[in-house]
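# Report on the structure
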Amino acid sequence: MNEAPRPMSSAADQWETLRRGIDAVVPEDEFRKKLERSIARGVPLRVKYGIDPTGIDVHLGHTVPLRKLRQFQDLGHTAVLIIGNYTALVGDPSGRDETRASLTEAQVEINAKDYLKQVGRIIDLDRAEVHHNGDWFSKWSFLDVLRLMRSTTIGQISAREDFAKRLREAKPVHLSECLYPLMQGWDSVEIKADVELGGTEQLFNLLVARDLQQEQGQEPQVAMTMPILVGTDGTRRMGKSLGNYIGVAESAEAQFGKVMSLPDEPMRPYFTLLTDIPLAEVDRLLGPGVNPRDAKEVLGKAIVAQYHGDGAAEAAAAAFRRRSEGLDPEDIPVVEITRDLLDGEGRVSAPRLIVALGFESSTSNARRTIEGGGFNIGTDRRVITDTKTMIDVTDGLLVRVGKRKIARIKLVS
RNA sequence: GGGUGGUUACCCAAGCGGCCAAAGGGGGCAGACUGUAAAUCUGCUGGCACUGCCUUCGCAGGUUCGAAUCCUGCACCACCCA
């Protein structure tokens, strides 16, 4: 917290770093003025980023603004994280065409703790300010709420694309949701933000703060928006509910595999937004003469290394290569099978074995997998397609289900 | 307060007395193919002691030989009018 501020580089240099991957800075000239003044006076910018603890998985989509925040930190500015434990109770309607399920206070609190732990992988929390917006909102009286609401109109609020769309389609718009942008804006007043980061769809919310700050006699913040990261499907935004995300807490293998499964098109935004690889190098990697697969491997390693270190990233890449060559992984998990599962001759039916190994949730499922040719055993990979086959279970038997599930059996009594 | 529409499997969504374990799509799983766990194609996608049996269509009752489908009540969601 009290670390000596590192000497600041020039405004031009900082701008060069900060503009990478940026979607928009509104208004840009104000930002550059703030930056120059900050450096001239040696007063760090207060850079705000808010997260609502609505779920527990921080994914790469969230890391886009978080990484930007980290860049600000590394340039000597102050990161101010807002944990939106009160805004989460409302639910941010941004970019959604339906109301968010609202959460209970208790859930939100648990999520918030978990969030910070994950965010700490990107942000230097020791040098950051962390606030919960419940710190102020929980003390508010009804009159305070009224005062806040007076600062805008239905017309202004409903100008927002997502609200307008829902109104057009006769879908519900809750009054509480209209409060969301105001609450987020008020957070900026409370912490006297100079800059606020957010995704492009956040622009409306980020600008509401400017009005509120000016009403309170503060210099308005600048909105810096980051592009929305597409998910592993290559088309829709990365999101938990869409199941197309790469979580920062996931294993190195899982992260690497998911990066490799990306279509080719989103590689450039991934490089730009999620790595520090110089843009000239990115151009080379994505240019002619480089196999996109190899470029993707570089990308995967660069991303995984941030969360698991270089060693784990290399290992994940190697394991992936083995798998795509059809080889068994180096570490084959050993699964214990108790003898009483077997019949008098030491055998068990194929579907039951698969369930006992935990590879399928039901024997019906296991049957289907077997019938589809997804089950083979032994070093010779004997494929079994008859669900009635009795498997001779011996110690050390290799069992594979699909491409990714493999186990070496250990017989225990 | 009044009216209308809705609640179906992981999600969306069809079905409106038997041919329904329930169309179609998404997602997922498996197979083929491939630079890839991409794309494409194919199959599967409630459970089990699996040519059969059992449990599912908001909840609880009822009508019927037979209900996801009809009736009654309840709960929840939404829209419209006030």
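Refer to the structure presented above.
Everything quoted here is computed from the prediction, not taken from an experiment.

Taken as a whole, the second largest pocket encloses approximately 800 Å³ of empty space. If you trace the second largest pocket, you find 28 residues lining it, with Ala319, Arg323, Pro329, Lys403 and Arg404 closest to the centre. At seven residues, the largest contribution of residues to the lining of the second largest pocket is made by helix 15 (residues 292-324). Per-class residue counts for the lining of the second largest pocket are nine nonpolar, seven polar and twelve charged.

Further remarks concern the pattern of salt bridges. Applying the stated criterion to the full structure yields 27 salt bridges. A salt bridge links Lys34 to Asp194; the nearest nitrogen and oxygen atoms lie 3.3 Å apart. Remark: Asp194 occurs in the loop between helix 10 (175-191) and strand 5 (195-199) and Lys34 occurs in helix 2 (residues 28-41); sequence separation between them is 160 residues. In this structure, Lys34 and Asp194 share a single accessibility class: buried. Residue Asp283 is joined to Arg268 by a salt bridge in which the shortest nitrogen-to-oxygen separation is 2.8 Å. Linking Asp283 in helix 14 (residues 279-286) with Arg268 in helix 13 (residues 267-274), this pair joins segments that are 15 residues apart in sequence. Overall, the relative accessible area of 38% leaves Arg268 in the partly exposed class.

Right, let's get into the pairing of strand 2 (residues 46-51). Alignment of strand 2 against strand 3 (residues 78-83), held across six bridges, turns out to be parallel. Counted as the bridge partner of Ile51 is Ile83 from strand 3. Relative to strand 5, strand 2 runs parallel, the two being bridged by two bridges. By the bridge assignment, Lys48 is partnered in strand 5 with Glu196.

Below, the discussion takes up the sheet that holds strand 4 (residues 128-132). If you walk across this open sheet you meet the six strands as 1-6-5-2-3-4, and the pairing is mixed. Two strands in the sheet have a free side with no partner beyond their single neighbour: strand 1 (24-26) and strand 4. For this sheet, the mean angle separating the axes of adjacent strands, direction not counted, is 25°. Alignment of strand 5 against strand 6 (residues 222-226), held across five bridges, turns out to be parallel. Bridge pairing links Gly198 to Thr225 in strand 6. Helix-sheet contacts for helix 3 (residues 60-74) involve strand 2, strand 3, strand 4, strand 5 and strand 6, and the interaxial angle to strand 2 is about 160°. Where helix 10 meets the sheet, it contacts strand 2, strand 3, strand 4 and strand 5, and its direction lies at approximately 145° from that of strand 2.

What follows concerns empty space enclosed by the protein. Applying the stated criterion across every chain, the model contains one cavity of 30 Å³ or more. As a volume, the largest cavity reaches approximately 60 Å³. Contributing to the lining of the largest cavity are Arg20, Val64, Arg67, Lys68, Gln71, Met226, Thr272, Leu273 and Thr275. Mapped by element, the contributors of at least two residues to the lining of the largest cavity are helix 3 and helix 13. Here the element with the most residues in the lining of the largest cavity is helix 3; it accounts for four residues. Of the residues contributing to the lining of the largest cavity, the split by class is three nonpolar, three polar and three charged.

Reading guide: rules and limits
- Residues numbered from 1 in each chain as written.
- Chains lettered and ligands numbered in written order.
- Predicted model: local features only at pLDDT ≥ 70, side-chain atom pairs only at ≥ 80, totals over all residues.
- Heavy atoms only, no water.
- 1 Å grid on protein atoms, 1.4 Å probe; cavity = no way out; pocket = protein on both sides within 12 Å on 5 of 7 lines; lining within 4 Å.
- Points joined across faces, edges and corners; volume = space filled by probe spheres on them.
- Helix = DSSP H or I, 4+ residues; strand = E, 2+ residues; numbered from the N terminus.
- Nonpolar A, V, L, I, M, F, W, Y, C, P; charged D, E, K, R; others polar.
- Salt bridge = Lys/Arg side-chain N within 4 Å of Asp/Glu carboxyl O.
- Buried < 20%, exposed > 50% of the residue type's maximum accessible area, 1.4 Å probe, protein only.
- Pairing = 2+ DSSP bridges.
- Axes fitted to C-alpha atoms, helices over the stretch in contact; angles between N-to-C directions.
- Contact = heavy atoms within 4.5 Å.

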